[in-house]
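Here is what each chain is made of, one letter per residue.
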Amino acid sequence: MPMLNFRILSPEHIIDLNKVSDLFGIKENENHLSIGSMTRQSELLNSPIIIQSSPLISRALGYVGHDQTRNRGTIGGSLCHLDPAAELCIVASAYNAELTVTGKKGDRVIAMSDWPVDFLTPALNDDEILTNIRITPWQGSHGFCFIEFARREGDFAIVAVAVLIEITDHVISKASIALGGVAAGPVRLHEVETLLTGQSPGQELFKEAGLLAKKVDAMSDINFSTDYRKRLSGAFTERALHGAMAQFKGEGEGHG
Amino acid sequence: MSVRYIGAEVQRMEDLRLLIGSGRYVDDITRDRMLHVAFVRSEHAHANIKNIDTENAKMLDGVHGVLTYQDITSSFDLKRMGQLFPAPVIEQNITQYPVANEEVCYVGEIVAVVVAENRAIAEDAIEIINVEYDVMPAIIDCRLALEPNAPKAHKNSKDNLVGIIRTSFGEIDKAFKTADHIFRRSFLQHRGGCHAMECRGVVAEHDRSENTLTLWSSTQCPYLVRRSLADYLGENEESIRVIAPDVGGGFGPKAGFYPEEIMVPFLARFYGRPIKWIEDRHEHFVATTTQRDQHWDVEVACNADGLIKGIRGEVTHENGAYVPYGFLLPFTSLTPLPGPYAVPAVDVSLKAVFTNTTPNSPVRGAGRPYAIYAVERLIETISKNLKIDAAEVRRRNFVKEEQMPYATGALLRDGSPVKYDSGNYHSCLDKALVLADHASFKDRQSSARDDGRHIGMGISSYVEDTGLGPYEGTTVRVQPNGKVLVRSGSASQGQGHHTFIAQIVAETLAVSLEDIVFESGDTGKFPHGVGTIGSRIAVNVGPSAYEAANAVKDKAIKLASETLEAAEQDLELSSGKVQVKGVEDLSVSLGDLARTLSPKAGGKVPSGFVPSLEATSYTGSNGSPFASGTNVAEVEVDILTGNVKLINYSVAHDCGTIINPKIVDGQIIGGVVHGIGNALFERMIYSEGGQPLTNTYADYLLPLATEMPNIAIVHEESPSPLNVLGVKGVGEGGTIPATAAVVAAVENALEEFNVEIDYYPINPQHLTELIDG
Amino acid sequence: MEPWPSLKEREKGMASRKISLKLNGCEVSATVEPRLHLADFLRHTLGATGTHLGCEHGVCGACTVNVDGDAIRSCLMFAIQVDGKNVTTIEGIANPDKTLHPIQEAFRKHHGLQCGFCTPGMIITLEAFLKNHPNPTEFEIRKAISGNICRCTGYQPIVAAAMEAATNLKNQGQ
């Protein structure tokens, strides 16, 4: 809407999806969540299903805008707008979300990793709309943490990181680290995930993970440079890993 | 008996209608058959207009007209706007055309005008207007603008210098030659824009029968608008009425005279219909005046004990593309020197420079925050280098209470000496430090450091000249029904004028606050006014309201003494009546006295009396009362992100006699938050080519509730000897020292890294770079 | 440049719609252009000028109104989107007997407004917030109003007003 108010966009037609009830709602299936693309951010934030099965999402949503924008904003809207630091995009990436788009030719499923094509440009054809987001919650015992730095409450993050780590027999059996604010879309730090997998969580390991994360290719803009974003990426990754461990042990809230 | 209102925390009279949505701001005003205006604004910082193709736009249904400079000048003298505040120091007095005549000098300058049935259609028309430009080089950096081969902001000007001013007194060379120490600091100061939540707007209506113009404008200075428009049109001031309706914040930039305030009334005449223009936020970023860069290179000479002997330096001031507001901003950037300190020699010069950016004019505090910031940085520098406690350096240098009134040595523009009238700077400092729990801070700081946290405390002391003259008058008139009409030349944007003026009049006349009917901001209701700027209203209207009310009281008593056949000294005012002291039954109401003084046909005005129970006064202050105070900021810095968090903020403030403590506190808190915003957030960035890059609220950051601290306030009351009430202004006192306090606190938090902040607003990334060395 | 379609043609294409809604408890109907946003509809079509426009890009919060129980930005919604909905603006906050809502009273008591321009949005935001959070801490209130910019008050008096309003609302059992 801001783009329309600024007359940056002047579409000839706008279709209001608010009355398409199929696009709303969170369905809990056996091993995944099916989230309608028009589900409001406020609903996701407060949803018992989300809080129970994938609390990383509600944690991240606490950083998204303000009450008034969350009351109307949708998960689909956030994913399609694809701001480089959008929290919902980052957690979708952390969860390997699968996005269903629907067009004249029917449905197709796009992995979150394939979703960002360029800045503010998702892999959506002109005749398609995003209809569903599929999230597979982590079943095994795991910890999560979401950390971001923004100048003020509700602002787009400068850099944000979402971490999920699964612990089996005192060892990290699975790790997912998604970074936002460094590129057109969220970046999964696969090298860091590989480093962590099979290792015992600990200070030295997390420090090493942070240093590796700091090597990420980061963009720059008029406000913040590449080096600064790399600095935050590294430090936040390390911090978020500690945060996830604390959350796993019941000693932390899973954010910072 | 009269109720004591002066000094009481009376609830505001303004609030009820605003709380229920019955405020009437300029965009709430509709007139019959009203048309709407949108302006085509330059997309280039510096260019010649080659051609404007308006044919398609004119044909759009709902469009009544599209006008360019050429279209207008065929029937109307669309000359350059006048200089509001002429001053001999202005070497190149370049003001703008209301609609650009070929050359545009900043992004946002008006190049054409569209009039349509509604704003949306007008903007539709703008989308199909084609403006062809010959782009010229733009100059944005005010220091580069002074270099010999710099692009010229105006193609025909000789260079980019607007003018030079200097404040100079005492023996500066001797001071520097004989000092034990000389310290040098250089920094860039950047203040931001207006960003009142209500943008500007104008509604104009031409009454063809009377040939009068009525303007509603979201302005701080309706009388300035009227005078300027009358001068521009060459018409009678009295046939132009300017009304400031409810105004949603002003903060300085609404105190000028804008192209739109010429164009909208012109169009009202041209089309014979009422015309409305409302600025949208996108326009506000470029079309409303602002403040931006000042580069300071200063030196301080002091003795081994930290006593300052002299301050000298040079300032480069970014002026923007035109000079609508004279040299007020540069003047107010130098005249506050040397602040609350008894410095014997000062020599600072300032060059104001044209740049191809939005023109500048004062924003809350005007130039004073720049000057106070500079002095406070020097104080901190002395403290750090000589290892003398920062509060102690201030104590040693403060003007003492016994020295009041203290002539600093500087001269005002009219040649009169700058004099601090009253104040106890030492007491304010001590009070602020107690409020901030300064005594235990070092322990808290080292404790925090043990936890890996970096907290810091910063002090900033200031003075503020308030109550700029010449006057702001008040008429007090008792009406036959006993209600008291109070009319003033002031105009409010939320400062509570109605309330505190009513307090003064109600106490004087012993009537209730609810009996006061208050009108202001309307040139049709009060003949002469100046405007709400420079923390001047309480200082000017307070005394005039007081004097007018007392004159009414005297007249009432005189008349009542005849009516009641009692001696004047046996009479008192009580509950809307004049009565024999202590004898309620022997009384006559103020309303009846008013009626007696305004008889009907065949009646008689009592001998020796002029009709009407009213009085008008223009008495203000005999000079400039100086407010003062000390602020203390406590911050925490995250050395990883460079983020600065405000933990606490303490203010000790002296604005003389306080009329309404709640209103005063409100001005201080709001002002401090504005200053914190300048320290940490507000930055208007232009590209090298002059494109505004921070022109939405996503990029231009205003302070939000979550990042602002609670602000504790303690008052000092040093009444001013310069006016009958002893009041001093307070509108800007919160903003003036705040930035310096925050920056000092950040430097204190990062002491171990030896960080010297060289510009504000503090950017987290830049802070990390300074920390990393 | 292509010639722009005439207003009549555009109107046909844009097909002005008839909408019905409840505004502050009263049934209202109007015919609106699809591109008219909710704030302009309330202010200029319906004359409810208490809701203000500060930025038109969803950041300042001055335009906040309540739609079906949620505080939302009326500059980011189209008028046609409130067809069939319940809209509450500042004009509908006071009690039916015209006495002020506890939030309004508290604002007056604590000097929670100066120019008054951001105030309607603030009050709508707080009204919705306090309904769902009857025992807020000061910081929770600051977070709740972080989407409403005030240039005058510095927020502190607004927070004080909201704290008092929370207490009074609880005592009223509302």
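Rules behind the numbers
Residue numbers here run from 1 along each chain, matching the order of that chain's written sequence. Here every chain gets a letter starting at A, and every ligand a number starting at 1, in the order they are written. Where local features are concerned, this predicted model is filtered to residues with pLDDT of at least 70; where side-chain atom pairs are given and counted, the filter is 80 or more; whole-chain, interface and lining totals use all residues. With hydrogens and water excluded, all non-hydrogen atoms of the structure serve as input to the side-chain values. Here the bounds of each domain stem from an automatic or database domain assignment. What makes two residues a contact is simply this: any of their non-hydrogen atoms within 4.5 Å. Summed over both partners, the accessible surface that disappears when two parts come together, traced with a 1.4 Å probe, is what is meant by buried area. Helix and strand labels come from DSSP, where a helix needs a run of H or I of at least four residues and a strand needs a run of E of at least two; each type is numbered from the N terminus. What qualifies as a polar contact is a pair of N or O atoms within 3.5 Å, subject to a donor-acceptor requirement within protein and to the restriction that residues adjacent in sequence count only when both atoms come from side chains. The term salt bridge refers to a pairing of a side-chain nitrogen on Lys or Arg with a carboxyl oxygen on Asp or Glu at a separation within 4 Å. Two strands are said to pair when DSSP picks up at least two bridges between them. Axis lines are fitted through C-alpha atoms, for helices just across the contact stretch, and the angle between N-to-C directions can take any value from 0 to 180 degrees.

1. As for the domain arrangement of chain B
Residues and elements named next belong to chain B.
Move 1: Each domain of chain B was delimited in the assignment, giving domain 1 (15-22 + 469-617), domain 2 (31-136 + 194-287) and domain 3 (292-467 + 622-772).
Move 2: Placing a centre on the C-alpha atoms of domain 2 and another on those of domain 3 gives a separation of 36 Å.
Move 3: Residue-level contacts link 33 residues of domain 2 with 30 residues of domain 3.
Move 4: Note on domain 2 versus domain 3: buried area summed over both sides is about 2500 Å², and carbon and sulfur give 64% of it.

2. Here's the deal with the side chain of glutamate 127 of chain C
All names here are of chain C.
Move 1: Positionally, glutamate 127 belongs in helix H4 (residues 119-132).
Move 2: Side chain to side chain, glutamate 127 and lysine 131 meet in a polar contact 2.5 Å long.
Move 3: When neighbours within four sequence positions are excluded, glutamate 127 is seen to be in contact with Asn66, Ile93, His101 and Ile103.

3. What about the interface of chain B and chain C?
Move 1: Across the contact, 57 residues belong to chain B and 50 residues belong to chain C.
Move 2: Approximately 4700 Å² of surface area, both sides summed, lies buried where chain B meets chain C, with 58% of it carried by carbon and sulfur atoms.
Move 3: Three residues, Leu19, Met197 and Ala705 of chain B, lead the burial of chain B against chain C; their summed loss comes to 15% of the area buried on that side.
Move 4: Summed over the shared surface of chain B and chain C, the number is 4 salt bridges.
Move 5: For aspartate 27 of chain B, the salt bridge goes to arginine 43 of chain C, with nearest N and O atoms at 3.0 Å.
Move 6: Taken together, chain B and chain C are joined by 23 residue pairs in polar contact (both at pLDDT 80 or more).
Move 7: Every element with two or more residues in the side of chain B that touches chain C is listed here: helix H1 (15-19), helix H4 (119-127) and helix H17 (661-680) of chain B.
Move 8: For the side of chain B that touches chain C, the element with the highest residue contribution is H17 of chain B, accounting for 8 residues.

4. Considering the sheet that holds strand E3 (residues 98-103) of chain A
All names here are of chain A.
Move 1: Pairing in this open sheet of 5 strands is antiparallel, and the strands run E1-E2-E7-E3-E4 from one edge to the other. At either end of the open sheet lies a strand with only one pairing partner, and these are strand E1 (26-28) and strand E4 (106-111). Between one strand and the next, the sheet's axes are offset by a mean angle of 25°, whatever the strand orientation.
Move 2: Where E3 meets strand E7 (residues 128-135), 6 bridges bridge the pair, whose relative direction is antiparallel. Its bridge partner being in E7, threonine 102 is matched across the sheet by isoleucine 129.

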